Amino acid sequence: MSAFTLRRAFRALPVLAAILAASSAVPALAQQHAHTHGRMSLDVAVDAQTLTLAIESPLDGFLGFERAPRTDAERKRVSDMVARLNAAQQLFVPDPAAECTLSSVTMSSAVLGLGEPKKEEDHPQGHGHDDTKRADGKKGHADDDHADIDVDIVFNCAKASQARFIDVKLFDAFKRIRAIDAQVATPQGQFKRNLRPDAARLNLVR
Ligand SMILES: [Zn+2]
């Protein structure tokens, strides 16, 4: 009798797994951007009181290398990068009408030992690294030769809904980054924008 219930419980498992996979598809979106040097992804969410920016980028765009620093010069590059990203209000300048002030900057990059290694747990679902590694060693390169950095930036804003744009100065600070694939979510809807050094204003109004 109990074996019967157990079997039924196991039969239900694939269904549960399918539901979990479907529900995790949305948060996984941000991780599915391809690792392309010179490009980064930027997800922007506009809420009543906050502007939230989530960067995912190859480390190359910020550092020129994608591993732990080996020399004093490389260590300085890392600390300069961290300092610049912590001063996010100079890299992303929201519409003054929204009256925003920088609230927090959180960085995560496993090879640099920055932040929580939480993303690693998500990788098998997001990228299928484990599977590709098993099938073909060459395809596992994203883990071996390349590395990303995630940066989460939060602005507190008195009038976030008044924000019509964010001026992105990142291209000036990090010359290796040539394109930003931006995804904007506002109470009015979601849309995508592509930014380049000569078109670096992110419009938040459709
Ligand atoms: Zn790379």
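Just above, that's the structure.
Residues numbered from 1 in each chain as written. Predicted model: local features only at pLDDT ≥ 70, side-chain atom pairs only at ≥ 80, totals over all residues. Heavy atoms only, no water.

Brief notes about a positive patch on the surface
Where we set the bar: Each patch is built from residues lacking any salt bridge and having more than 30% relative accessible area; the joining distance is 9 Å for like charges and 5 Å for nonpolar side chains (Val, Leu, Ile, Met, Phe, Trp, Tyr). Only the protein chains shown count as cover for residues, and the accessible areas themselves come from Shrake-Rupley with a 1.4 Å probe. The working definition used for a salt bridge is a side-chain nitrogen of Lys or Arg within 4 Å of a carboxyl oxygen of Asp or Glu. Only four residue types enter the charge count: Lys and Arg as positive, Asp and Glu as negative, with His and the chain ends excluded. We put the charge of a Lys on NZ, of an Arg on CZ, of an Asp on CG and of a Glu on CD. Elements are defined by DSSP. Helices are runs of H or I of four residues or more, strands are runs of E of two residues or more, and each kind is numbered from the N terminus.
A cluster of like positive charges, contributed by Arg 84, Lys 175, Arg 178 and Arg 196, occupies part of the molecular surface. Examined against the element boundaries, Arg 84 turns out to sit in helix α4 (residues 72–86).

Some remarks on the packing of aromatic side chains
Selection rule: When two rings of Phe, Tyr or Trp (its six-membered ring) have centres within 6.5 Å they constitute a pair, described as stacked for plane angles under 30 degrees, edge-to-face for angles over 60, and tilted for the intermediate range. Working definition: with a 1.4 Å probe on protein chains only, accessible area under 20% of the residue-type maximum means buried, over 50% means exposed, and in between means partly exposed. Ring-over charges, as used throughout, are those where CZ of Arg or NZ of Lys falls within 6 Å of the ring centre and within 35 degrees of the ring normal.
Going through the model one piece at a time under the given rule, you end up with one aromatic pair. A centroid spacing of 4.7 Å and a plane angle of 70° characterise the contact between Phe 62 and Phe 174, whose relative ring orientation is edge-to-face. Within this pair, whereas Phe 62 is found in helix α3 (residues 59–63), its partner Phe 174 is found in the loop between α9 (170–173) and β7 (179–186), the two being separated by 112 residues in sequence. As far as the burial class goes, Phe 62 and Phe 174 line up, both buried. A cation over a ring is seen here: Arg 84 above Phe 174, with NZ or CZ 5.7 Å from the ring centre. Over the face of the ring belonging to Phe 165 we find Arg 201, whose NZ or CZ atom lies 3.5 Å from the ring centre.

Structural notes on the sheet that holds strand β6 (residues 165–168)
So the rule is basically this: Only strands joined by at least two bridges in the DSSP assignment are considered to pair. Fitted lines through C-alpha atoms serve as axes, helices being fitted only where they are in contact, and the angles separating the N-to-C directions of these axes extend from 0 to 180 degrees.
If you walk across this open sheet you meet the three strands as β3-β6-β9, and the pairing is antiparallel. In the strand order of this sheet, the two ends are held by β3 (92–94) and β9 (201–203), each with one partner. In this sheet, adjacent strand axes meet at a mean angle of 25° when their direction is disregarded. As judged from the three bridges shared by β3 and β6, these two strands associate in the antiparallel manner. When the bridges of β6 are listed, Val 93 appears paired with Asp 167.

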